[in-house]
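Structure at a glance
Here is what each chain is made of, one letter per residue.
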Amino acid sequence: MARIVEAEFETTERDIVALNMRHFLGSPGFVFFMLVCGANMLYMLLTLLAEGAGAADGFHFVQWLLLGFGLFIPASTYLRAVQAVKRRFAGERRHYAFDETGFSYRTPSAQGRVDWPDVRRFAIARRMVVLYVGRKGVSLIPERSLASREDLAQVKDWVRQKVNPETARRAARNRMLLYAGIAAAVIVAVVLAFV
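A few points on the structure. Everything numeric in this text was worked out from a predicted model, so none of it was measured. (Residues numbered from 1 in each chain as written. Predicted model: local features only at pLDDT ≥ 70, side-chain atom pairs only at ≥ 80, totals over all residues. Heavy atoms only, no water.)

To continue, consider the overall build of the protein. When you go through the protein residue by residue, the secondary structure sums to five helices and seven strands. Secondary structure elements in the protein, listed N-terminal to C-terminal, are β-α-α-α-β-β-β-β-β-β-α-α. Here the protein, with 195 residues, has 35% of them falling under the buried criterion. In the protein, 61% of the contacts between residues at least 6 apart in sequence involve partners at least 24 apart. Charged side chains in the protein number 26 positive and 17 negative. The centres of these two groups are separated by 4 Å. (Helix = DSSP H or I, 4+ residues; strand = E, 2+ residues; numbered from the N terminus. Buried < 20%, exposed > 50% of the residue type's maximum accessible area, 1.4 Å probe, protein only. Contact = heavy atoms within 4.5 Å. Lys, Arg positive; Asp, Glu negative; His and termini not counted. Charge placed at Lys NZ, Arg CZ, Asp CG, Glu CD.)

Structure below.
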């Protein structure tokens, strides 16, 4: 008999805020901006080590201000997401049943079935699995909704193995691009600080 993993949960404000923040923090523009801020921070720290008090000129002061502004953006975005969810939030009881071929879902407003190849994008986070279906469909499955760690591991394995291979390749490529960007930012910061 084929294994079925079930998940049932009530969506919470925290789930929706986490999903919104995941979308914001994963956006290419924000990732690039934070890579620049991170490289700038590393550059500033290395410059302080190399030059001592001489690194406190006007140009570096402007860089410190820009860095502070860049680090403020995630905090302000989080607060805006929390306020938006509090204004428009209505919790829903959700039920999912996962198997080797896909998953079915049932909410008070919709129900249906999705095969794994129809998942156009996915994200596996520490406390949730996010599946994107169609143009606007998003299924958020919190870790707490599954009965055991084995069930969570099984769902993650099905997602990684059964979704469209192009989707899985795109997710792996995006991770590699992020790591390459981090490495490039570190190299540029070190070179600029010591040249």
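From this point, things continue past the structure.
Moving on: the sheet that holds strand 3 (residues 102-106). Paired through their backbone hydrogen bonds, the strands of a sheet run either parallel or antiparallel. Spatial strand order, 1-2-3-4: four strands in an open sheet with antiparallel pairing. In the strand order of this sheet, the two ends are held by strand 1 (5-10) and strand 4 (111-115), each with one partner. Each neighbouring strand pair of the sheet contributes to a mean axis angle of 15°, computed without reference to strand direction. The strands touched by helix 4 (residues 149-162) are strand 1 and strand 2 (93-98); relative to strand 1, the strand with the most contacts, the crossing angle is about 105°. (Pairing = 2+ DSSP bridges. Axes fitted to C-alpha atoms, helices over the stretch in contact; angles between N-to-C directions.)

Another aspect to go through is the pairing of strand 5 (residues 119-124). Pairing between strand 5 and strand 6 (residues 128-133): five bridges, direction antiparallel. Counted as the bridge partner of R121 is Y132 from strand 6. Here strand 5 hands over to strand 6 after three residues, the two strands then running antiparallel side by side.

Once that is clear, we can look at the environment of A168. Checked against the element boundaries, A168 lands in helix 5 (residues 165-194). Overall, A168 belongs to the partly exposed group, its relative accessible area being 23%. Those residues in contact with A168 that lie beyond four places of it in its chain are F122, R160 and V163.

Inspection of every chain in the model, using the stated rule, returns six aromatic pairs. A centroid spacing of 6.0 Å and a plane angle of 45° characterise the contact between Y96 and F103, whose relative ring orientation is tilted. Note on Y96: relative accessible area 2%, which makes it buried. Here F103 and W116 contribute two aromatic rings whose centre-to-centre distance is 5.6 Å and whose plane-to-plane angle is 50°, an arrangement assigned as tilted. (Phe/Tyr/Trp six-rings, centres within 6.5 Å; stacked < 30°, edge-to-face > 60°.)

In contact at an axis separation of 8 Å, helix 2 (residues 28-51) and helix 5 are set at 30° when each is read in the N-to-C sense. Classed by the angle they form, the pair helix 2 and helix 5 counts as roughly parallel. Considering how the two elements wind past one another, helix 2 and helix 5 form a crossing that is right-handed. Of helix 5, the residues touching helix 2 (which contributes V31, L35, A39, L42, Y43, L46, T47 and A50) are L178, G181, I182, A185, V186, A189, V190, L192, A193 and F194. Among the residues making up the contact of helix 2 with helix 5, the classes are represented as 16 nonpolar, two polar and no charged. (Parallel < 35°, antiparallel > 145°, perpendicular 65-115°, else oblique. Left-handed = near helix turned anticlockwise from the far one by under 90°. Nonpolar A, V, L, I, M, F, W, Y, C, P; charged D, E, K, R; others polar.)

Moving on, we get to the nonpolar core. Judged by nonpolar contacts, the single largest core of 21 residues is most densely connected at F98, F103, W116, V119, L131 and V159. Listed by contribution, the elements that provide at least two residues to this core are strand 1, strand 2, strand 5, strand 6 and helix 4. For this core, the leading source of residues is helix 4, giving four residues. Residues within four places of V119 in sequence aside, it is in contact with F103, V114, L131, Y132, V133, V163 and T167. (Core = buried A, V, L, I, M, F, W, Y, C linked by side-chain atoms within 4.5 Å.)

Read these as spatial facts, not as claims about activity.
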